[in-house]
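Residues per chain, in single letters:
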Amino acid sequence: MSAKSEKGAVRSDRNGQLVRTWGTCRGVAAALVHMARSALVLCVWLGCLVISVPAKAAECLIEPFQTVDLASPVTGLLEKVLVRRGDKVSKGQVLAVLESRAEQAAAELARFKSTQVGPTQMAESKIEFAKRKFARRQAMANEKLMAAQERDDAESELRLAEAEFKQASENRQLARLELQQQNSLLGLRTLRSPFDGVVVDQLAFAGEVVEPSGNKKTILKLAQLEPLQVRAILSKDAFGKINPGVAVEIQPEILGKNHSARVRAVDRLIDAASGSFVVLLDLPNPKMDIPAGVKCKALFSLSLGGR
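Residues numbered from 1 in each chain as written. Predicted model: local features only at pLDDT ≥ 70, side-chain atom pairs only at ≥ 80, totals over all residues. Heavy atoms only, no water.

Novice: Honestly, the side chain of arginine 189 in this entry has me stumped. Any pointers?
Specialist: Structurally, arginine 189 can be placed in the loop between helix H4 (148-187) and strand S5 (190-192). Residue classification places arginine 189 among the buried residues on the basis of a relative accessible area of 8%. Here arginine 189 is in contact with Val74, Thr75, Gly76, Leu77, Ala96, Val97, Leu98, Glu99, Ser100 and Glu103, once residues within four sequence places are set aside. (Helix = DSSP H or I, 4+ residues; strand = E, 2+ residues; numbered from the N terminus. Buried < 20%, exposed > 50% of the residue type's maximum accessible area, 1.4 Å probe, protein only. Contact = heavy atoms within 4.5 Å.)

Okay, structure coming up:
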């Protein structure tokens, strides 16, 4: 075979191989397209098609979950404040105490009254003596050895002794109730933290007189920082596309680290002036390393369809 014939055969083989390869690729592509169309039709038939748009960035602000102005429910002299600004506090921790010597004395008096047993024992002894006396006089009256009037007098003494015993028992119960009341009044002079958080500010100090009403009623300001609350403002075109429980990425303007928050509530009212509405999110902060009062960006994935 000549060199020219050999070159022609090689070119023919290469062309055939290219044709076969192209045919294989077309077949695979057609199969993939068919599979994609089948999956799309099936998903539409099941009603599970969800089309998502790129994440929508919204301006937001990281806030404390709640803030409280801790004040005294009663008027009194502030004896001591046990925390300072910036201190972490736990739920139930004693933060401040008012002067309470009078209330402590009243509570001790009520406690003593509630434990008294003398009046009750004396009434019991009177009942026992009156019972024996009445039994003897009734027996003598039955044998006509005593006038009926004396028997009636003994019975009256018995009934009076029983009434005194009942009164002593009621007085003891009343003393127990007075003890509960005095303990409650004493408890009002001890201020405790309503949640885990931090002291934001101290507005009253030991030696000052505090009162429930007036200009100086707040002693401490507390903030709950676990979890934090994120307040995001979105335009009205996003209304109805965000549901509670959805995860949202939060980008604080400081620290350079993103965090995941979850939608807690969506306003059902759109502000007519700005054409926007508010979305509240819960941002976990177990280490309390994320500060409140920081501006941020919230990245929402808005769903345009689906169930």
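Novice: Is there a simple way to think about the packing of helix H2 (residues 101-115) against H4 in this case?
Specialist: Pairs of packed helices are described in terms of their axes, by the angle between the two and the distance that separates them. For the pair H2 and H4, the least separation of the axes is 8 Å and the interaxial angle reads 160°. Classified by the angle their axes make, H2 and H4 are roughly antiparallel. Two packed elements cross with a definite hand, and for H2 against H4 that hand is left-handed. Contact with H2, carried on its side by Glu103, Gln104, Ala106, Ala107, Ala110, Arg111, Lys113, Ser114 and Thr115, involves Arg172, Ala175, Arg176, Glu178, Leu179, Gln182, Asn183 and Leu186 of H4 and no other residues of that element. By residue class, the composition of the contact of H2 with H4 is six nonpolar, five polar and six charged. (Axes fitted to C-alpha atoms, helices over the stretch in contact; angles between N-to-C directions. Parallel < 35°, antiparallel > 145°, perpendicular 65-115°, else oblique. Left-handed = near helix turned anticlockwise from the far one by under 90°. Nonpolar A, V, L, I, M, F, W, Y, C, P; charged D, E, K, R; others polar.)

Novice: Looking at this model, I keep getting lost on the packing of helix H3 (residues 118-142) against H4. Mind explaining?
Specialist: Two elements in contact, H3 and H4, have axes whose closest approach is 8 Å; the angle formed by their N-to-C orientations is 160°. For the element pair H3 / H4, the angle class is roughly antiparallel. Handedness of the crossing formed by H3 with H4: left-handed. Along the lines of polarity and charge, the residues of the contact of H3 with H4 split into 11 nonpolar, three polar and 11 charged.

Novice: Can you walk me through the sheet that holds S5 in this structure?
Specialist: The strands making up a sheet associate through backbone hydrogen bonding, with each pair oriented either parallel or antiparallel. The strand order across the open sheet built from four strands is S5-S4-S2-S7, with neighbouring strands paired in antiparallel fashion. Both edges of this open sheet fall to S5 and strand S7 (209-210), since each of them pairs with a single strand only. Looking at chain direction, strand S2 (residues 76-81) and S7 are connected through two bridges and run antiparallel. Note on S7: the bridge partner recorded for glycine 76 is valine 210. (Pairing = 2+ DSSP bridges.)

Novice: For this particular structure, what's the right way to read the pairing of strand S1 (residues 56-71)?
Specialist: For S1 and strand S12 (residues 294-300), the ladder comprises seven bridges, and the chain directions are antiparallel. Its bridge partner being in S12, alanine 57 is matched across the sheet by leucine 299. Two elements, S1 and strand S8 (residues 218-235), share 12 bridges in a ladder whose sense is antiparallel. Following the sheet pairing, glutamate 63 is matched in S8 by glutamine 229.

Novice: Looking at this structure, I do not really get the state of the cysteines. What am I missing?
Specialist: Covalent bonding between the sulfur atoms of two cysteines defines a disulfide. Overall, the coordinates contain one disulfide when judged by the stated rule. A sulfur-sulfur distance of 2.0 Å marks the disulfide that ties cysteine 60 to cysteine 296. With cysteine 60 in strand S1 and cysteine 296 in strand S12, this pair connects stretches of sequence that are 236 residues apart. Summarising the burial analysis for this pair, cysteine 60 and cysteine 296 share the class buried. (Disulfide = S-S within 2.5 Å.)

Novice: What should I look at first to understand the environment of lysine 126 in this one?
Specialist: With respect to the helices and strands, the residue lysine 126 is situated in helix H3. The sequence separation of lysine 126 and phenylalanine 165 amounts to 39 residues, and the corresponding C-alpha distance is 8.5 Å. Ignoring sequence-local partners within four residues, the contact set of lysine 126 consists of Ala161 and Glu164.

Novice: Mind showing me how you'd approach H4 here?
Specialist: Side chains of residues three or four places apart in an α-helix project in the same direction, reflecting 3.6 residues per turn. Here H4 is 40 residues long and its end C-alpha atoms lie 59 Å apart, about the 58 Å a rise of 1.5 Å per residue gives. For H4, every residue scored as buried is listed here: Ala154, Leu158, Ala161, Ala168, Ala175, Leu179 and Gln182. (Expected span 1.5 Å × (residues − 1).)

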